Structures are given as C-alpha cells and as structure tokens.
There are 2 protein chains.
Amino acid sequence: MDRQSEKGPRRFPADRVAEQTEVVLKAWGLAPDLAAVTTAAMIDTDLAGIDSHGISMLPTYEPGHGPTTIDFSARPAVTARTGVTARVDGGGGLGHPCAVLAMRTAIEIARESAVGVVAAHNSNHFGAVGHYAAMAAEAGLIGIVTTTARSISVLPARGAVPRLGTNPLAFAAPTGNGRPFLLDMSTSTVAVNKVKVYDLNDRPVPPGWVLDGSGEPVTDAGEAMAYLRQRPEGGITALGGTAEMSAHKGYGLAVMVQILAGALTGATFPPLREPGAPDDIGHLFLVIDPAAVRGGDGFTADVDVIVDTLHATPPADPELPVLVAGEPEDRTREERGRLGIPIPERLLDQLRDLCERAGAPFLLG
Amino acid sequence: MDRQSEKGPRRFPADRVAEQTEVVLKAWGLAPDLAAVTTAAMIDTDLAGIDSHGISMLPTYEPGHGPTTIDFSARPAVTARTGVTARVDGGGGLGHPCAVLAMRTAIEIARESAVGVVAAHNSNHFGAVGHYAAMAAEAGLIGIVTTTARSISVLPARGAVPRLGTNPLAFAAPTGNGRPFLLDMSTSTVAVNKVKVYDLNDRPVPPGWVLDGSGEPVTDAGEAMAYLRQRPEGGITALGGTAEMSAHKGYGLAVMVQILAGALTGATFPPLREPGAPDDIGHLFLVIDPAAVRGGDGFTADVDVIVDTLHATPPADPELPVLVAGEPEDRTREERGRLGIPIPERLLDQLRDLCERAGAPFLLG
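Caption draft 1: Broad picture of the overall build of chain A. Within chain A one finds 12 helices and 11 strands. Over its C-alpha trace chain A gives a radius of gyration of 20 Å, about what one expects of a compact globule, namely 21 Å for 365 residues. In terms of overall dimensions, chain A has a C-alpha envelope of 55 × 50 × 45 Å along the principal axes. Counting only residues that meet the buried cut, chain A has 59% of its 365 residues in that class. By sequence separation, contacts in chain A at least 24 residues apart represent 66% of the contacts at least 6 residues apart. Carbon and sulfur atoms make up 50% of the accessible area of chain A, which totals about 13600 Å².

Caption draft 2: View of the relation of the copies chain A and chain B. For the pair chain A and chain B, the relating rotation is 180 degrees, the translation along its axis is 0.0 Å, and the fit reaches an RMSD of 0.0 Å. Accordingly, the operation relating the two chain copies is best matched by a two-fold axis. Across chain A, the rotation axis passes nearest the C-alpha of A:Gly240, at a separation of 2.2 Å. A shared binding surface is used by both copies, with 100% of the interface residues of chain A retained as interface residues in chain B.

Caption draft 3: Inspection of the sheet that holds strand β4 (residues 115–123) of chain B at higher detail. The strand order across the open sheet built from 7 strands is β2-β3-β4-β10-β5-β6-β7 (chain B), with neighbouring strands paired in mixed fashion. In this open sheet, the two edge strands, each paired with only one partner strand, are β2 (77–82) and β7 (181–185) of chain B. Neighbouring strand axes in the sheet, compared pairwise and without regard to direction, differ in orientation by 10 degrees on average. Pairing of β2(B) with strand β3 (residues 85–89) of chain B involves 5 bridges; the strand directions are antiparallel. When the bridges of β3(B) are listed, B:Thr82 appears paired with B:Thr85. The sheet contacts of helix α8 (residues 247–263) of chain A involve β5 (142–147), β6 (169–173) and β7 of chain B, and relative to β7(B) the element is tilted by about 135 degrees.

Caption draft 4: Examining empty space enclosed by the protein more closely. The full count for this structure, using the stated rule, is 3 cavities of 30 Å³ or more. Its volume calculated, the largest cavity comes out at about 280 Å³. Forming the walls of the largest cavity are 18 residues, and the residues nearest its centre are A:Ile144, A:Met256, A:Leu260, B:Ile144 and B:Met256. Contributing elements (two or more residues each) for the lining of the largest cavity: β5 (142–147), α8 and β10 (281–288) of chain A together with β5, α8 (247–263) and β10 (281–288) of chain B. In the lining of the largest cavity, the residues fall into 16 nonpolar, 2 polar and no charged.

Caption draft 5: The domain arrangement of chain A, seen in detail. Residue and element names in this part refer to chain A. According to the domain assignment, chain A consists of domain 1 (1–67 + 326–365) and domain 2 (77–189 + 237–312). The distance between the C-alpha centroids of domain 1 and domain 2 comes to 23 Å. Together domain 1 and domain 2 conceal approximately 1400 Å² of surface at their shared face, both sides included; 61% is due to carbon and sulfur atoms. Interface area lost by domain 1 to domain 2 is led by Val 37, His 53 and Tyr 61, which between them contribute 29%. At the boundary of domain 1 and domain 2, one finds 1 salt bridge. In this structure, the salt-bridge partner of Arg 179 is Asp 330, at a minimum N-O distance of 2.9 Å. The interface formed by domain 1 and domain 2 includes 5 residue pairs in polar contact (both at pLDDT 80 or more).

Caption draft 6: Geometry of the packing of helix α1 (residues 14–27) of chain A against helix α2 (residues 32–47) of chain A. Residue and element names in this part refer to chain A. Viewed as axis vectors pointing N to C, α1 and α2 meet at an angle of 140 degrees, and their least axial separation amounts to 9 Å. On the basis of their axis angle, the class for α1 and α2 is oblique. Along this stretch, α1 crosses α2, giving a crossing that reads as right-handed. The residues of α2 that touch α1, namely those facing Ala 14, Val 17, Ala 18, Thr 21, Glu 22, Leu 25 and Lys 26, are Pro 32, Ala 35, Ala 36, Thr 38, Thr 39, Met 42, Ile 43, Asp 46 and Leu 47. Residue composition of the contact of α1 with α2, by class: 10 nonpolar, 3 polar and 3 charged.

Caption draft 7: Inspection of the interface of chain A and chain B at higher detail. Each side of the interface is counted separately: chain A has 81 residues, and chain B has 82 residues. Across the interface of chain A and chain B, roughly 6600 Å² is buried in total on both sides, 74% from carbon and sulfur atoms. Counting the surface chain A buries against chain B, the share from its top three residues, A:Arg158, A:Met245 and A:Lys249, is 11%. At the junction of chain A and chain B, the tally comes to 24 residue pairs in polar contact (both at pLDDT 80 or more). Those elements that provide at least two residues to the side of chain A that touches chain B are β3 (85–89), β4 (115–123), β6 (169–173), β7 (181–185), α8, β10, α9 (290–294) and α10 (299–311) of chain A. With 11 residues, α8(A) is the single largest residue contributor to the side of chain A that touches chain B. Looking at the side of chain A that touches chain B, its residues break down into 53 nonpolar, 21 polar and 7 charged.

Caption draft 8: Here's a closer look at the pairing of β5(A). Residue and element names in this part refer to chain A. The buried fraction of β5 is high, at 6 of 6 residues. Neither face of β5 is open: one carries Ile 142, Ile 144 and Thr 146, the other Gly 143, Val 145 and Thr 147, and all of them are buried. Of the strand pairs in this sheet, β5 and β10 are connected by 6 bridges, and their pairing is antiparallel. In the sheet register, Thr 147 faces β10, and the bridge partner there is His 283.

Caption draft 9: Focus on the packing of aromatic side chains. Going through the model one piece at a time under the given rule, you end up with 8 aromatic pairs over all chains. In this structure, A:Arg231 is placed above the aromatic ring of A:Tyr227, and the distance from its NZ or CZ to the ring centre is 4.5 Å.

Caption draft 10: Expanded view of the environment of B:Val218. All names here are of chain B. Topologically, Val 218 is positioned in the loop between β8 (210–211) and α7 (221–229). Classification of Val 218 by relative accessible area gives buried; the value is 8%. Between the C-alpha atom of Val 218 and that of Val 117, which follows or precedes it by 101 residues, the distance is 41 Å. Dropping the residues within four chain positions of it, Val 218 is found in contact with Val 205, Val 210, Leu 211, Asp 212, Glu 223, Ala 224 and Tyr 227.

Caption draft 11: Up close: helix α10 (residues 299–311) of chain B. When the terminal C-alpha atoms of α10(B) are compared, their 18 Å separation across 13 residues agrees well with the 18 Å that a helix rising 1.5 Å per residue should span. Of all the residues in α10(B), the buried ones are B:Phe299, B:Val303, B:Ile306, B:Val307, B:Thr309 and B:Leu310. Each buried residue of α10(B) lies within a common arc of 165 degrees when the element is viewed along its axis, so the set occupies one face. Here the buried face of α10(B) lies against α8 of chain A together with β5, β6, α9 (290–294) and α11 (327–339) of chain B.

Caption draft 12: Spatial organisation of the environment of B:Asp220. Residues and elements named next belong to chain B. Here Asp 220 is to be found in the loop between β8 and α7. Sequence separation between Asp 220 and Asp 279 is 59 residues; the distance between their C-alpha atoms is 31 Å. Here the side chain of Asp 220 touches Glu 223 through a polar contact of 2.8 Å, landing on its backbone nitrogen.

Caption draft 13: Structural detail: the side chain of B:Thr105. Residue and element names in this part refer to chain B. Looking at the secondary structure, you find Thr 105 in helix α4 (residues 95–113). On the accessibility criterion, Thr 105 (6% relative accessible area) is buried. Leaving out residues up to four positions away in the same chain, Thr 105 has contacts with Val 78, Arg 81, Ala 86 and Val 118.

Caption draft 14: Looking closely at α11(B). Residue and element names in this part refer to chain B. Given a rise of 1.5 Å per residue, 13 residues ought to cover 18 Å, and the 18 Å separating the end C-alpha atoms of α11 matches this to within 8%. Residues of α11 that are buried include every one of Glu 327, Asp 330, Arg 333 and Arg 336, and no others. Looking at the buried side of α11, the elements it contacts are β1 (10–12), α2 (32–47), α10 and β11 (341–343). Gly 340 sits one or two residues past α11 and shows a positive phi near 100 degrees.

The rules behind the values
- Residues numbered from 1 in each chain as written.
- Chains lettered and ligands numbered in written order.
- Predicted model: local features only at pLDDT ≥ 70, side-chain atom pairs only at ≥ 80, totals over all residues.
- Heavy atoms only, no water.
- Helix = DSSP H or I, 4+ residues; strand = E, 2+ residues; numbered from the N terminus.
- Rg over C-alpha atoms; globule rule 2.2 N^0.38 Å.
- Buried < 20%, exposed > 50% of the residue type's maximum accessible area, 1.4 Å probe, protein only.
- Contact = heavy atoms within 4.5 Å.
- Areas by Shrake-Rupley, 256 points an atom, 1.4 Å probe, with all protein chains shown as cover.
- Least-squares fit on C-alpha atoms with pLDDT ≥ 70 in both.
- Pairing = 2+ DSSP bridges.
- Axes fitted to C-alpha atoms, helices over the stretch in contact; angles between N-to-C directions.
- 1 Å grid on protein atoms, 1.4 Å probe; cavity = no way out; pocket = protein on both sides within 12 Å on 5 of 7 lines; lining within 4 Å.
- Points joined across faces, edges and corners; volume = space filled by probe spheres on them.
- Nonpolar A, V, L, I, M, F, W, Y, C, P; charged D, E, K, R; others polar.
- Domains from an automatic or database assignment.
- Buried area = accessible area lost by both parts, 1.4 Å probe.
- Salt bridge = Lys/Arg side-chain N within 4 Å of Asp/Glu carboxyl O.
- Polar contact = N/O pair within 3.5 Å; in protein donor to acceptor, adjacent residues only side chain to side chain.
- Parallel < 35°, antiparallel > 145°, perpendicular 65-115°, else oblique.
- Left-handed = near helix turned anticlockwise from the far one by under 90°.
- Phe/Tyr/Trp six-rings, centres within 6.5 Å; stacked < 30°, edge-to-face > 60°.
- Lys NZ or Arg CZ within 6 Å of the ring centre and 35° of its normal.
- Expected span 1.5 Å × (residues − 1).
- Arc of directions from axis to C-beta.

Written out as structure tokens, the structure reads:
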C-alpha cells in the first residue's frame with residue numbers, strides 16, 4: 001500500500017520484531033513484566049496487519065521526542081473492585097499494560113459473576129482495541145472494548161471542525177474454530193493513516209473520506225492531509241460519510257464511545273485537554289459469559305451457524321468471497337507468521353535513531 | 001416526505017392515537033396491563049417521528065392478516081434470574097411488553113448490582129429500540145439494547161444476496177437537561193421504509209443505498225423496491241455503503257447485533273427461520289449504573305460537557321447547527337405534542353378495515 005510495496009518492504013521474523021519492541025520499552029524504563037504484555041499486544045497487532053498500531057507507534061511513545069507524555073515508570077493498579085465492576089488507574093503510563101490488567105480483571109469477574117465491567121482512566125494509547133476484546137473470546141467469553149482517542153480528527157455530522165477522535169470499538173465472540181469473531185473498527189470512515197498512505201502514493205482520496213470546512217469533499221490527498229494536519233477546519237467523516245449515507249449514525253457511535261470510555265471512566269474529553277497535559281485516555285472493558293446469560297452451551301454453535309451462513313452467501317464478485325470480521329487479519333497473521341513482518345525503510349531509520357537515543361540495541365539492521 | 005406532505009397528512013392528538021392503538025390491541029386479546037405498556041411504547045415512537053415503528057405497524061401485527069404469528073394471549077415471564085443476569089421468555093407474544101419487562105428487570109438488577117444483563121427470546125417485533133434504552137436513561141442509568149430482525153434485507157459486505165436484518169442498536173445515557181443522549185440506529189445505511197418513500201415520490205435513490213446482485217448501485221426507486229421485495233438477489237447496504245466507504249464496519253456491527261440479540265439469547269437467525277414459523281426474535285438489554293462504575297457523580301456533568309462542546313461546533317452550513325443523537329426526535333416530539341401525529345390516508349384506511357375485523361371502534365375518522 002505504500003511506495004515500497006512495488007518491491008515490498010523488508011520483512012523481519014515476528015520474534016525479532018518482538019525482541020526489538022521489548023528492548024526499547026525496557027530501555028525507556030518499563031518494568032519487565034509490563035514490557036512483556038505490551039510487546040505481546042504490539043506484535044499481535046503487527047502480525048494482524050494493523051501496521052498503524054504496532055511497532056510503528058514507538059516513535060510516538062518515545063519519551064521526550066514523541067507527542068505523548070507517557071510515564072514509563074508507572075504501574076497500573078486496580079483501585080476499586082465492587083461486585084461486578086472494577087476501576088483501573090493507568091498511572092499516566094502506557095495504555096497496553098493498563099488494558100491487559102483491566103481486561104484480565106474483567107474476565108476474572110465475568111467468570112465468577114457472568115458479567116464484568118472495568119473502567120480504566122489516566123491511561124495512554126493502547127494500540128489496537130481488538131487485541132483486548134480477543135482476550136475475552138480466547139477465554140470463551142464475549143468481550144467489548146472501547147477507548148477514547150489521543151488526537152482529534154473526526155467531524156461531528158454537520159460540523160465544520162473536528163471534535164472527536166477515531167473512537168474505536170471492538171467486539172469479540174468465541175467460535176468453534178478457535179479464532180474469534182473479532183470486529184475492531186474506528187467509528188470514522190477511515191483512519192488518518194489511510195489518507196496518509198494515499199498521499200504518499202499520490203492517489204486521489206475517495207470523496208466522502210475528508211470534508212473541508214464547508215462540508216465539501218476533498219479528493220486531493222495532499223489537500224486532505226493539510227486539512228487533517230494543519231488547518232483548524234475540515235476533517236475525517238464519521239462512518240457513513242455523508243448526510244445522505246447516514247453519517248449521523250457513525251457520529252452517534254463516536255459519541256457513544258466517548259461517553260463509555262470517557263465520561264463513564266472519568267477520563268478527559270480530547271477537545272478539553274490542556275495543551276501539554278497528559279492524554280488521560282480512558283478505556284472501557286465489558287465481558288459477558290454467554291453460558292451464564294443464555295443458560296446452556298448453545299452460544300458458540302449458534303455463532304458458528306451465523307458465520308457459516310454468511311460464508312455461504314453467494315458473492316457479488318466470484319473472486320471475493322464473503323468474510324466475517326477478523327478473517328482478513330487472521331489471513332495476514334498466517335502470512336506474516338510465515339514470511340515475517342514488513343517494515344518500511346523510513347520506519348527502520350526512525351527506529352535506529354530511537355534505539356540510539358534509548359541506549360537499546362538496534363536489532364532490525 | 002411522502003405524497004401527502006405537500007398539504008400534509010391529517011393530524012390527530014396523541015391521546016387519540018394512543019386510545020386507538022390500545023383498543024385494537026385489547027380487541028386482539030392483549031391483557032390490559034400489557035396493552036398499556038405497548039401503547040406507551042408505540043405512541044412514544046409516533047411522537048418521536050419514527051413513523052415506521054409506531055401505529056403503522058398494526059397492519060403487520062394483525063392476527064391472521066399480517067405476516068407475523070404473534071400470540072396476543074401470551075404473557076412474557078422472567079424464567080431465570082441469577083446474579084446480574086436474567087432471562088425473559090416472550091412466550092411468542094408481542095415484543096413490546098416482553099421488552100418492557102426485560103428492561104425493567106435489567107434496571108432493577110443494575111440499581112442493586114451496578115450492571116444488569118437481560119436476554120429475551122421467543123419474542124416478536126418490539127417497535128423502536130430506542131424506547132427501551134431511554135427507560136434506563138430516565139432511571140439515571142446507561143442503557144444499551146439490541147434486537148434481531150423480522151425480515152432479511154441487508155447484504156453482507158461483498159454479498160450478492162441479503163442475509164441480515166436492519167439489526168438496530170440503541171444507546172442511551174442520562175444528561176443534565178432531562179432528555180437522554182439517545183442513539184437509535186439500524187446498522188444498515190437506511191431502512192427499507194426509506195426506499196419505499198423515495199419510490200412513492202418517484203425520486204431516484206442515492207447510489208449506495210441499494211445494490212443489485214453484482215454489487216452495482218440501483219438508483220431507480222422502483223427497481224430498488226423490486227430488489228428489496230421480489231428478487232432474491234440485491235439488497236440494502238450495511239452502514240458505510242461501499243467497500244471504499246468501509247461498509248465492512250456496518251456489516252460487522254450488524255453481525256455483532258445478531259450475536260448479542262440472537263446467539264446470546266437463544267433466538268433464531270432469520271435466514272434459518274422455517275417458513276411460517278414464529279419469528280422467535282431475541283432482544284438484549286444491558287444496563288450500567290455510571291455512579292457505581294465510575295465512582296462518584298461526575299458522569300452526567302461529563303456527558304453534558306461532551307454535548308455542549310458538540311453543540312458549540314461551528315457548523316459547515318450556518319443554517320444547520322450541530323445536534324446530538326436524540327435531538328431531532330425531541331424536536332418532533334415537541335411539535336407533534338402540540339400539533340398532533342400525522343397519519344397518511346392510506347394508513348387510516350388500513351386501520352379502519354382492521355378495526356372492523358377486530359370489532360374495535362375506529363377513533364380516527
């Protein structure tokens with residue numbers, strides 16, 4: 001998808017990419033146990049092909065250099081646990097270990113009591129939301145995860161200026177084949193990163209991804225990036241894209257995510273964040289034990305019937321069979337497990353410099 | 001929006017429409033207490049302007065005449081209650097009283113235990129999903145409601161034939177002004193009914209609402225209705241509309257709804273329903289007490305800050321201010337409370353005939 005894709009960027013074995021990630025995190029002061037769970041989350045994301053949320057995030061996280069103010073010495077903690085709910089304070093640290101602790105707690109509660117709801121606040125970016133929802137499915141449970149965002153890029157329906165993040169949500173349910181049904185989606189039409197890739201390739205952006213301040217589509221990719229990076233007005237559309245195509249629904253979902261992951265956790269609403277203040281990102285984790293709710297064990301079989309029926313749907317284009325959420329990522333995971341994880345030269349350069357500053361070995365030479 | 005809108009259809013006071021609804025339901029054998037909660041749900045829906053889901057549904061529900069097989073003598077019952085979860089058996093009756101019982105139970109559990117999850121099955125169409133989510137918000141709680149659908153109209157991403165319903169979901173959160181943030185949305189781009197209104201008005205359908213069996217947009221409204229009503233292939237798109245505009249997200253949400261409201265409740269997946277068999281619709285009700293999860297009482301104030309910030313967003317078109325979910329319906333509710341509920345002549349004719357068959361008085365003459 002980027003310039004290097006003509007011959008393809010260099011690939012590295014997943015173990016090597018994981019090792020590189022882990023030594024950097026430790027060099028920044030992250031405790032070994034927290035570095036281990038963070039690395040597991042990040043490498044899972046790189047293997048799944050969600051390149052924007054794995055090792056490519058290290059430059060953003062870098063203390064003193066990236067745009068975030070992550071406290072790598074922090075340790076997330078469960079600060080309250082009452083009945084089926086718990087609260088986790090991220091301590092201003094990296095989001096991944098905070099999210100793993102919170103999801104493990106939610107799973108533990110749901111195993112005991114059918115449902116677990118854990119609210120995390122005072123956290124930071126945690127990578128791909130689907131990783132944490134999948135933890136629940138791997139435990140035979142339904143997982144729902146939402147998070148507030150670091151940056152503001154999405155237009156409210158009818159709005160001239162952005163007020164929302166890409167506000168993602170994930171939903172995972174166990175299936176009979178061992179891989180969960182795993183929906184991991186932003187509530188915007190696309191991610192900023194996707195527009196960036198179009199810009200790098202000098203391709204026009206499809207109308208409806210980015211609007212200017214008067215609500216008109218911007219199709220020049222360079223112009224689109226200017227609206228996303230420099231100009232105060234204009235931004236990414238909410239899912240649906242236009243009023244005619246029901247962008248009010250994507251907008252409503254984005255606000256729902258802000259209410260669940262922000263207002264319900266006590267985290268900050270990004271437009272009200274003070275410049276230079278910690279991101280204070282919030283995450284919400286909801287786990288449901290299907291056997292307890294439904295009674296009996298028919299749940300997974302019924303999910304399989306839904307998935308099988310969808311797979312059997314005649315496709316509009318015979319070359320493109322009908323898939324379900326999580327399957328494109330599973331295919332990428334299989335391929336990258338075999339062939340390695342592609343890393344563009346420019347990111348390798350950034351990682352080399354970042355390792356030098358951290359005093360960590362560069363392992364992707 | 002329909003042909004009559006040039007002069008406008010006749011309007012009737014809400015009390016009269018409610019009375020008409022209630023006498024019909026009772027004439028069909030619905031117990032007075034169940035008829036009362038059903039009428040309250042239906043009139044709330046008509047007042048909110050969701051015309052497709054209020055009194056206009058009576059012809060669909062009519063015993064022996066409509067396409068449903070509702071048992072009006074049934075009484076929904078809580079069949080299991082363990083910890084924070086409960087199950088409700090709709091008994092094959094109308095969905096509204098089943099949903100009211102289930103939501104009341106979920107609210108009661110959440111008040112005691114912070115979270116309540118209630119799964120209903122063996123139910124039927126229950127009108128507008130938002131009505132039940134709003135019940136939670138009116139109790140100061142967060143409400144999330146999903147339901148499976150009666151008919152199959154939505155294409156899986158890449159699919160040539162429909163396999164999903166419009167699979168709606170609702171999310172309600174209390175605010176400081178007494179009216180909830182209330183998102184009530186189908187996970188499809190539009191409802192079948194919206195295409196029908198375009199057909200009645202001989203207006204071309206926007207490309208991306210309806211696709212034919214090869215994935216091409218159908219813009220002739222009559223053709224579009226033929227795909228939705230007669231032909232096996234083609235259908236409504238999932239939210240997003242096209243692959244380019246991320247219809248895989250709307251598709252993923254639709255499947256999530258089917259898993260939550262169908263597999264988790266033990267209700268039927270519509271493509272597998274036997275012809276002539278009861279709809280066996282499932283609904284899921286999730287209620288969260290924000291004070292218990294977050295600790296303290298900052299939730300509503302934070303929701304208000306989000307809503308106020310969104311309202312203050314400069315609009316792309318100065319004539320169209322930025323709203324939040326639930327506000328268009330609130331405005332319609334205010335207007336219809338004052339001016340009455342408009343009912344098209346054709347529906348009045350249907351209701352007159354239906355009253356005669358039921359032996360109920362016709363009150364909208």
